[in-house]
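Survey of secondary and tertiary structure
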Amino acid sequence: MAENDSACLPPSQSTNACSYSTVVQQNVQIPAPVSTALTRAAIKEHQILFEPAIGRKFYEPNNNSMDIIKKFKQALSTVQTEDSPNLQIKASTHLQNGGLIIELTTAEAANWICMPVNREKIISALDLPATIKEHQFSIIILFLPSHLKHQRC
């Protein structure tokens, strides 16, 4: 810890001498594609995917999106306790399959909802046959051949 503190001392204590690593860490700019990916990942941490049972929908195409959100807000308020995080909806996205992506204000709230006990409470409060889907992450590995010959042992 002392090494980091002395790596770049104030001008009054040194002759403006900073270590190379300190200067690089202070001046690193994240490339635009990486920054965009990091932003998307941060947003996805706040999102919950509600998927209706097969053949069912949360909403009809002519329903007002505010009515749907009111129903979800009411379900969240019924399961919220004193020790739970603030469950506030920031945005919603209607999917073609009748599902719904709800974006919450914090990742902590999204993680709280994804806990199995809380999941069941919310689904029962909605009074709809639905599931809350787990997050799945796509991984892109550069220079990995997509066709591999696989031999069984």
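Residues numbered from 1 in each chain as written. Predicted model: local features only at pLDDT ≥ 70, side-chain atom pairs only at ≥ 80, totals over all residues. Heavy atoms only, no water.

Considerations on the packing of aromatic side chains
Overall, the coordinates contain 1 aromatic pair when judged by the stated rule. Between F50 and F72, the ring centres sit 4.9 Å apart and the planes meet at 70 degrees, which makes this aromatic pair edge-to-face. You can see F50 sitting in strand 1 (residues 47–52) and its partner F72 sitting in helix 4 (residues 65–79), a full 22 residues away along the chain. The exposure class assigned to F50 is buried, which follows from its relative accessible area of 2%. (Phe/Tyr/Trp six-rings, centres within 6.5 Å; stacked < 30°, edge-to-face > 60°. Helix = DSSP H or I, 4+ residues; strand = E, 2+ residues; numbered from the N terminus. Buried < 20%, exposed > 50% of the residue type's maximum accessible area, 1.4 Å probe, protein only.)

Notes on helix 5 (residues 107–114)
Counting along an α-helix, one turn takes 3.6 residues, and residues three or four places apart therefore face a common direction. In terms of burial, helix 5 is largely enclosed, as 6 of its 8 residues are buried. Among all positions of helix 5, only A107, A109, A110, W112, I113 and C114 are buried. At its buried positions, helix 5 is contacted by strand 1, helix 4, strand 3 (100–104), helix 6 (116–126) and strand 4 (130–133). (Contact = heavy atoms within 4.5 Å.)

A few points about the pairing of strand 3
Where a strand is regular, its side chains alternate between the two sheet faces. In terms of residue burial, strand 3 counts as a mostly covered element, since 4 of its 5 residues are buried. Sheet topology places strand 2 (residues 89–94) next to strand 3; 5 bridges connect them, and they run antiparallel. Along strand 3, the bridge assignment pairs A91 with E103. Linking strand 2 to strand 3, which pair antiparallel, is a turn of 5 residues; within it G98 sits at a positive phi near 95 degrees. (Pairing = 2+ DSSP bridges.)

Some details on the environment of A53
Assignment of secondary structure puts A53 in the loop between strand 1 and helix 4. Expressed as a C-alpha distance, the spacing of A53 and G99, which sit 46 residues apart in the sequence, is 9.3 Å. Excluding residues within four positions of it along the chain, A53 makes contact with P129 and A130.

A closer look at helix 4
Taking 1.5 Å per residue as the helical rise, helix 4 with its 15 residues ought to reach 21 Å, and the 22 Å between its terminal C-alpha atoms agrees with that figure. All of the buried residues in helix 4 are I68, I69, F72, A75, L76 and V79. For helix 4, the angular spread of buried residues about the axis comes to 120 degrees, placing them on one side. Turned more than 90 degrees from where helix 4 packs its buried face, K70, Q74 and T78 sit exposed. Contacts made by the buried residues of helix 4 are with strand 1, strand 2, strand 3, helix 5 and helix 6. (Expected span 1.5 Å × (residues − 1). Arc of directions from axis to C-beta.)

Quick word on the pairing of strand 4
Only one face of strand 4 is buried, namely the one carrying A130 and I132, since none of T131 and K133 on the opposite face is buried. In terms of strand pairing, strand 1 meets strand 4 through 4 bridges, oriented antiparallel. Bridge pairing in strand 4 links E51 to T131.

Describing a nonpolar patch on the surface
Taken together, the side chains of I30, V34 and L38 make up a nonpolar region of the molecular surface, amounting to roughly 270 Å² of accessible area. Along the chain, I30 turns up in the loop between helix 2 (20–26) and helix 3 (32–44). (Patch = residues over 30% accessible without salt bridge, like charges linked within 9 Å, V, L, I, M, F, W, Y side chains within 5 Å. Areas by Shrake-Rupley, 256 points an atom, 1.4 Å probe, with all protein chains shown as cover. Salt bridge = Lys/Arg side-chain N within 4 Å of Asp/Glu carboxyl O.)

Some remarks on the pattern of salt bridges
Where charged atoms of side chains with opposite charge meet at close range, the side chains can pair. Throughout the structure, instances matching the rule amount to 2 salt bridges. Between E103 and K90 there is a salt bridge, and its shortest N-O distance comes to 3.9 Å. In this pair, E103 sits in strand 3 while K90 sits in strand 2, placing the two residues 13 residues apart along the sequence. Classification of E103 by relative accessible area gives buried; the value is 13%. Residue K90 is classed as exposed on the basis of its relative accessible area, which comes to 57%.

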